[in-house]
Each structure stands twice: as structure tokens, then as C-alpha cells.
Amino acid sequence: MFIELDLQSETPIYAQLVDQIVEGIASGALQPGDPLPSVRRLAEDLGINLHTVNKSYNLLKQEGFLQVHRKKGVIVQPDGMPGVTEAFEEKLRRQLRSLAAAAAVRGMTEEVFAQESRSVYRNTITNHGGEQH
């Protein structure tokens, strides 16, 4: 699993880790049932605090993306991904509203905003999360 963190980013490290694991699942790079490194191992590999990895894994477990087994360790949810809920849709609208406002203030048109959104969505699924410019 390839994780790239930006330690200078305003986005907290645990959130970057959550986002990249979800992107890995969406792109197919991580398949249902795939094992993930242990908390200690991933923390060592990334050079971050193990509590940061633990927080990320726990959030992903709560959201239904991961399972944690005493013997198997952490694995990608083998029994299907969480569905679209009202809570998820509200979270999505909140995040999109913030991004749309920032785009509008910078002069981006609705058409370009929608085009960029479609491009990011498609690239996440078909390009293993890689950005295409």
C-alpha cells in the first residue's frame, strides 16, 4: 500500500491517512479482505505517531470501511462497503458547499467546477487515485 503524507499540510495527518485509504478502496488498489499494516508497522513506515494511525483506523472502522480482528489484524471490509446514507449526503453537501464557495470567490464558473468534480471522481476510480492534469 502506497501512502504519501504531506506533513506541512493544513489537513491533519490522520485525515490524510483516512482519505488515502478510502481512495485506495475506491480505486480498487485495496480490495475487500485485503490486509493493512498493523498500527505500529504503518506508524514506523510513515514516521508518524502510532496514535495517529490508530485514530485513522478507528474512524475507518466506525464508518464501515475496515474490520479489526485480533488474529487477522486490520483488513478492508470484506462484507461490502457502507452505503450512501442521509448523514453521508449531508457531509458531502457541506464539503461541496465550502469548495463551491471558494471556487466562486476565485472566479471559477459552475461549469468548470462541475467538470473538475467529474474529473476527480472518475480519476479516483479509474486511475488508482492519481491526479491527472
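Model, not experiment: these values are computed from the prediction.

**Thoughts on the domain arrangement of the protein**
Link 1 in the chain: Parsing the protein into structural domains produces domain 1 (13–76) and domain 2 (86–125).
Link 2 in the chain: Measuring from the centre of the C-alpha atoms in domain 1 to the corresponding centre in domain 2 gives 26 Å.

**Some points on helix α3 (residues 50–63)**
Link 1 in the chain: For α3, with 14 residues, the first-to-last C-alpha span of 20 Å sits near the 20 Å given by 1.5 Å per residue.
Link 2 in the chain: All buried positions along α3 are accounted for by Val 53, Ser 56, Tyr 57 and Leu 60. All buried residues of α3 fall inside an arc of 95 degrees around its axis, so they share one side. For α3, exposure combined with an orientation more than 90 degrees from the buried face picks out His 51 and Gln 62.
Link 3 in the chain: Against the buried residues of α3 lie α1 (13–27), α2 (39–46), β1 (66–69) and β2 (73–76).

**Re the packing of α2 against α3**
Link 1 in the chain: One way to put it is that α2 packs onto α3 with a least axis distance of 8 Å and a crossing angle of 125 degrees. The pairing of α2 with α3 is recorded here as oblique in orientation. For the crossing formed where α2 meets α3, the hand is right-handed. Note on element contacts: α3 touches α2 through Leu 50, Val 53, Asn 54 and Tyr 57, opposite Val 39, Arg 40, Leu 42 and Ala 43.
Link 2 in the chain: Class assignment of the residues belonging to the contact of α2 with α3 gives a composition of six nonpolar, one polar and one charged.

**Section: the packing of aromatic side chains**
Link 1 in the chain: In this structure the tally under the stated criterion is zero aromatic pairs.
Link 2 in the chain: Across the ring face of Tyr 14, the terminal group of Lys 55 is positioned such that the distance to the ring centre comes to 4.0 Å.

**Focus: the packing of α1 against α3**
Link 1 in the chain: Two numbers describe how α1 lies on α3: the axes approach to 9 Å, and their chain directions differ by 45 degrees. Taken together, α1 and α3 sit at an angle that is classed as oblique. As for the relative orientation of α1 and α3, their crossing is right-handed in sense. Of the residues in α3, those touching α1 at Ile 13, Tyr 14, Leu 17, Val 18, Ile 21 and Val 22 are Thr 52, Val 53, Lys 55, Ser 56, Tyr 57, Leu 59 and Leu 60.
Link 2 in the chain: Of the residues belonging to the contact of α1 with α3, the class tally is 10 nonpolar, two polar and one charged.

**A word on the pattern of salt bridges**
Link 1 in the chain: All chains considered together, the criterion is met by four salt bridges.
Link 2 in the chain: The partner of Arg 93 in a salt bridge is Glu 90, and the shortest N-O contact between them spans 3.4 Å. Here Glu 90 and Arg 93 lie together in helix α4 (residues 86–105), a separation of three residues that amounts to about one turn.
Link 3 in the chain: With a relative accessible area of 41%, Arg 93 lands in the partly exposed category.

**Focus: the UniProt feature "domain: HTH gntR-type" (unreviewed entry) in the protein**
Link 1 in the chain: On the UniProt side, "domain: HTH gntR-type" (unreviewed entry) is annotated at positions that read residues 11–79 here.
Link 2 in the chain: Structurally, residues 11–79 is divided into 54% helix and 12% strand, and its ends, taken at the C-alpha atoms, are 30 Å apart.

**Re the pairing of β1**
Link 1 in the chain: As defined by bridge partners, β1 adjoins β2 across four bridges and the pair is classed as antiparallel. Across the sheet, the residue bridging to Gln 67 is Ile 75, located in β2.
Link 2 in the chain: Between β1 and β2, which pair antiparallel and follow one another directly, the connecting turn spans three residues.

Rules and cut-offs
- Residues numbered from 1 in each chain as written.
- Predicted model: local features only at pLDDT ≥ 70, side-chain atom pairs only at ≥ 80, totals over all residues.
- Heavy atoms only, no water.
- Domains from an automatic or database assignment.
- Helix = DSSP H or I, 4+ residues; strand = E, 2+ residues; numbered from the N terminus.
- Expected span 1.5 Å × (residues − 1).
- Buried < 20%, exposed > 50% of the residue type's maximum accessible area, 1.4 Å probe, protein only.
- Arc of directions from axis to C-beta.
- Contact = heavy atoms within 4.5 Å.
- Axes fitted to C-alpha atoms, helices over the stretch in contact; angles between N-to-C directions.
- Parallel < 35°, antiparallel > 145°, perpendicular 65-115°, else oblique.
- Left-handed = near helix turned anticlockwise from the far one by under 90°.
- Nonpolar A, V, L, I, M, F, W, Y, C, P; charged D, E, K, R; others polar.
- Phe/Tyr/Trp six-rings, centres within 6.5 Å; stacked < 30°, edge-to-face > 60°.
- Lys NZ or Arg CZ within 6 Å of the ring centre and 35° of its normal.
- Salt bridge = Lys/Arg side-chain N within 4 Å of Asp/Glu carboxyl O.
- UniProt positions renumbered as here; feature names shortened; annotations may be inferred.
- Pairing = 2+ DSSP bridges.

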